[in-house]
Amino acid sequence: MQIRFFLLSLFCILIISVRAQQKTIFTGAVINENNTPLPGSSIYILNKDLGTNADEKGNFIFPDLPEGKYEIQVSSIGYATLNSTVNISKNISGPIKFTLQNASKQLDAVFVSAQKTEEFLQKVPLSITALSSRQVAEFRLWNSEDLTAIIPNLYAANSGDDRNVTSIRGITTTSYDPAVTTYIDGVNQFSLDTYIAQLTDIERIEVLRGPQGTLYGRNAMAGVINIITKQPGNKMTGFIEMSMGDYDQLRTSAGLRFPVIKNTLFVGISAAYSKRNGYYTNDFYNNSFDKQSVVSNNYYIKYYANKKLHFTLNAKHQNNRNNGAFPLVNGVDEALDNPFHLNQDATAKMIDNTFNISLVTTYSGKKINFSSQSSYQSNRRYYDKPLDADFSPIDGVTVINNFENKWNKVQVFTQEFKLNSPATSAKRVKWTVGSYLFFQNNPVKQAIHFGKDAAFVGAPDTNFSLISTTKGKNSGIALFGQSTITITKKLNLILGLRYDYEKKKYNVLGEYLKEPFPIFETRPDTSASANFNAFSPKAGLSYSLNKHSDVFITYSRGYRTGGLTALNSDPSQPPLYPYNPEYSNNMEAGIKNSFFQNRLQLNVSLFITKVTDAQVPTLLLPDAVTVTKNAGTLTSKGFEVEIAAKPVKGLQADYNFGYTDARYDKLKLAQNGSTVNLDGKKQIYTPEATSMLALQYSYSFGVKHVFNFISRIEWQYLGNQYFDLSNNIKQSDYSLLNIRFGISSGQTSLMFWARNLGDKKYIAYAYDFGAVHLGNPRTIGFTLSTAF
């Protein structure tokens, strides 16, 4: 299947006609405000996948560039990134000069690829936050879970197994089909199984809030997290970083990017290793619990066949080892009164191996741009020994899933083809069209073992196992298109439409085993399939009030796919029960402003979302299987404010605020043979408010060698939130304080940091049956890094 995808990608290149183009030479220079050249500056042409670096005199050249209008980004260490629009033709007299301002005086200009094309952030007509590589380091982001509250109305947490449940604007992940889609280097991290949460060697992170179904399709109801890592180019670059902290915390990473053949062949590699002792102590054995180690690597090969045709091969893997993947305590009071202590008799190591590989082919023509992305993802996750499923010292229930290699190994093939108008197009309509297809194979085999104390969990017998086998196959195809139509110089119309079709097929088998008796079937091998389809339209208007202010209003429809219920040990929950897709209708309006020569940015947005056929999860124990049913309707409404400012030299202030009122208009659940009315209850995993204030001050000193003293403080606030649909498990509002300070010189720095400085004890994650996982305690450490 993978080979067919790659061959199809290459075949599509051959069928695109190549026309003669009128070309010219684009030359320029990069200087600072004192007219001093800035050697080594990076110059990148948006939507052309072309970049270069300035020489020792600050000069650069792009030979054989077609005439047209280009968006250019220029950056240099210590200076604010500049975005500029340039008309390139044979009539240009002399080189074009780009003047960069000191980074202590001006905010960076940022480009994003949120709409499957590269654009300036402040001109994109949707709610989006972008974090640069510098900001990723300043916030000390090591995992996508750390984006909580940094992005307005975003909350992410997990129960200790590194499978982040993410919520944006009250639309939350409730099953292995996420509500927030994560893309890494353009590859859809298809499910909670196959995504990589660790953040290493990041170029930027883009978070799109609100439904993104038109361009991103299934499971983007709440939004999209788009992670882009650094890629190789003509200039050799690299980095080395080491962090150490309490709980025996160690994180090391390094990377190198270089040209093998200048302008033609490039290679990049980065690697990271992290470990720590557990935050929890297991009182049963009086030892550390949830001790973790993670190895992750990222490899790039880029080949430029010519100025128009490029290939990029990218491979990633992450190997996670966790001695105690579910540090859970039964009951909120117990968790908070005796923090970071638990009592489990069965301890197991989680072995979690993820591998991703993709091939991207891009063609930039005069009339059309084409790209193809083929990817393969796999994940095998199992426990080396039985895993405690009652989270207690009794020998009640354990989970066993360490079977042959073919089991519990998810594999996904994806293929996207995309056509869009070229970067140099001067036409009134800019467009993107494409197709997306996938195939997923998910064979799951797991045994639930009831031990000698099984009577305490209500089992009718002791020392027996229920073995469930599920073979899941999932395939689908989508067609999508979106265009921006220039009505006037200031008014644009956005129109988009996507069609998704998906087929799911399950085979289930249930077996009973009590040694020395032979195994027998409790449910014969049974199969079922279901088909789902959806149209996801989008329409909007954007208007430029002036050069520095834009307003927009959009309507979009979200879609989360339906599915089939897996086999479990509860006889009241029949397997292969289908549930329908979940849909949302979203209205959003916003304004984006830049003031005082980009020393101040202010973005505000308002939204309202109506969800129908809401997919409501019920976790069944001890199987740890989620049964999903369409059980209600939900309304989520609120607003967001983002402020970034450099009021005086050396000081940067960032403030984000989000408010969400998400509650069920109708919600009827079957519990214990009766129907429970939960109308008006708040949505789970959704803080009522998120707030983040970051203040950073940098002071320069020294003459021959310039040093910078940097100090930073971050205050995060999260409002009331609930972890069960009945709203009984509640975490009241709380605040967290982070600090960071140190010295840097050039690209070398030594930074000391503290997370959760006040050592606040709070619930980060909880299951509806009452098992609670606390947020991370106070951690203190340092980071030493250098780059070249």
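Residues numbered from 1 in each chain as written. Predicted model: local features only at pLDDT ≥ 70, side-chain atom pairs only at ≥ 80, totals over all residues. Heavy atoms only, no water.

J.: Describe in detail the overall build of the chain, supporting the description with residues and values.
T.: Scanning the chain for helices and strands turns up four helices and 52 strands. Radius of gyration (C-alpha) of the chain: 27 Å, near the 28 Å computed for a compact globule of 788 residues. Viewed in the frame of its principal axes, the chain has a C-alpha envelope of about 90 × 60 × 50 Å. Counting contacts in the chain only where the partners sit at least 6 residues apart, residues at least 24 apart contribute 67% of the total. Summed over its atoms, the accessible surface of the chain is roughly 32,200 Å², and 57% of this surface lies on carbon and sulfur atoms. Both charge centroids of the chain, one from 79 positive and one from 63 negative side chains, sit 11 Å from each other. (Helix = DSSP H or I, 4+ residues; strand = E, 2+ residues; numbered from the N terminus. Rg over C-alpha atoms; globule rule 2.2 N^0.38 Å. Contact = heavy atoms within 4.5 Å. Areas by Shrake-Rupley, 256 points an atom, 1.4 Å probe, with all protein chains shown as cover. Lys, Arg positive; Asp, Glu negative; His and termini not counted. Charge placed at Lys NZ, Arg CZ, Asp CG, Glu CD.)

J.: Residues and numbers for the sheet that holds strand β2 (residues 42-45), please.
T.: Strand order in the open sheet made by the four strands is β3-β2-β5-β6, with antiparallel pairing throughout. Sheet topology places β3 (50-53) and β6 (82-88) at the edges, where each strand pairs with a single neighbour. Between one strand axis and the next, the sheet turns by 25 degrees as a mean value, whatever way the strands run. Sheet analysis places strand β5 (residues 68-75) next to β6, joined by seven bridges and oriented antiparallel. Across the sheet, Q73 pairs through a bridge with N83, a residue of β6. (Pairing = 2+ DSSP bridges. Axes fitted to C-alpha atoms, helices over the stretch in contact; angles between N-to-C directions.)

J.: Would you mind going over the sheet that holds strand β10 (residues 128-132) in detail, with residue names and values included?
T.: In spatial order, the strands read β10-β16-β17-β14-β15; together these five strands make up an open sheet with mixed pairing. Every interior strand has two partners, whereas the edge strands, β10 and β15 (187-189), have only one. Across the sheet, the axes of successive neighbouring strands diverge by a mean angle of 20 degrees, strand direction being ignored. For strand β16 (residues 202-209) and strand β17 (residues 223-229), the ladder comprises seven bridges, and the chain directions are antiparallel.

J.: Pulling in residues and values, what's your account of a positive patch on the surface?
T.: A surface patch of positive charge is lined by K406, K471, K473, K503 and K505. Looking at the positive patch, the elements with two or more residues in it are β33 (464-486) and β34 (491-513). Relative accessible area serves as the criterion here: at 55%, K406 is assigned to the exposed category. (Patch = residues over 30% accessible without salt bridge, like charges linked within 9 Å, V, L, I, M, F, W, Y side chains within 5 Å. Salt bridge = Lys/Arg side-chain N within 4 Å of Asp/Glu carboxyl O. Buried < 20%, exposed > 50% of the residue type's maximum accessible area, 1.4 Å probe, protein only.)

J.: Quick rundown of the packing of aromatic side chains? Include the residues and the values.
T.: How two aromatic rings sit relative to each other is given by the distance of their centres and the angle of their planes. The final tally for this structure, using the stated rule, is 34 aromatic pairs. Between F595 and F596 the ring centres are 6.2 Å apart and the planes differ by 45 degrees, which places this aromatic pair in the tilted class. A residue is classified by how much of its surface remains accessible, and F596, at 61% relative accessible area, is exposed. Grouped by ring-pair contacts, the aromatic residues F391, Y685, F723, Y765, Y767 and F769 constitute a single cluster. Over the aromatic face of W142 sits the side chain of R140, whose NZ or CZ is 3.6 Å from the ring centroid. Above the face of the W753 ring, R140 is positioned so that its terminal group lies 4.6 Å from the ring centre. (Phe/Tyr/Trp six-rings, centres within 6.5 Å; stacked < 30°, edge-to-face > 60°. Lys NZ or Arg CZ within 6 Å of the ring centre and 35° of its normal.)

J.: So what's going on with unusual backbone geometry? Residues and values would help.
T.: Apart from glycine, the bulk of residues carry a negative phi angle, and the bulk of peptide bonds sit in the trans form. Cis geometry marks the peptide bond from E515 to P516, where omega comes out at 10 degrees. For P516, the position within the fold is in the loop between β34 and β35 (520-546). Although it is not a glycine, N35 adopts a positive phi angle of roughly 65 degrees. By the element assignment, N35 lies in the loop between β1 (23-32) and β2.

J.: So what about a nonpolar patch on the surface? Which residues, and what values?
T.: Taken together, the side chains of Y697, Y699, F701, F707, F709, F741, I743, L750, F752 and L784 define a hydrophobic patch exposed on the protein surface, amounting to about 870 Å² of accessible area. Counting residues per element, the ones that place at least two in the nonpolar patch are β44 (689-701), β45 (707-718), β48 (734-745) and β49 (748-755). You can call F707 partly exposed: its relative accessible area is 32%.

J.: Please give an account of the confidence of the model for the chain that cites residues and values.
T.: On average, residues of the chain score 89 in pLDDT, and 93% of them are at 70 or above. Within the model, the stretch residues 1-22 combines pLDDT values under 50 with 42 contacts to residues more than four positions away or in other chains. (pLDDT = per-residue confidence, 0-100.)

J.: Residues and numbers for the pattern of salt bridges, please.
T.: Counted under the stated rule, the structure contains 26 salt bridges. A salt bridge links R134 to E138, with the nearest nitrogen and oxygen atoms 2.9 Å apart. Residue R134 and its partner E138 are located together in helix α2 (residues 133-138), separated by four residues, close to a single helical turn. Classification of R134 as partly exposed rests on a relative accessible area of 31%. By relative accessible area, which is 10% here, E138 ends up buried. Among the ionic pairs, K761 bridges to D759, the shortest N-O distance being 2.9 Å.

J.: Tell me what's going on with the side chain of D185, and back it up with residues and numbers.
T.: Tracing the backbone through its elements, the reader meets D185 in the loop between β14 (180-184) and β15. We classify D185 as buried; its relative accessible area is 13%. At 2.7 Å, the side chain of D185 and the side chain of T229 are in polar contact. (Polar contact = N/O pair within 3.5 Å; in protein donor to acceptor, adjacent residues only side chain to side chain.)

J.: I'd like a rundown of the nonpolar core, residues and numbers included.
T.: Formed by 79 residues in total, the largest nonpolar core has its most connected members in L131, L141, L147 and I205. Look past the residues within four positions of L131 in its chain and what remains in contact with it is V136, F139, L141, L147, I150, I151, E203, R204 and I205. Core analysis: the second largest hydrophobic core is formed by 19 residues, I43, F60, V86 and I88 among them. (Core = buried A, V, L, I, M, F, W, Y, C linked by side-chain atoms within 4.5 Å.)

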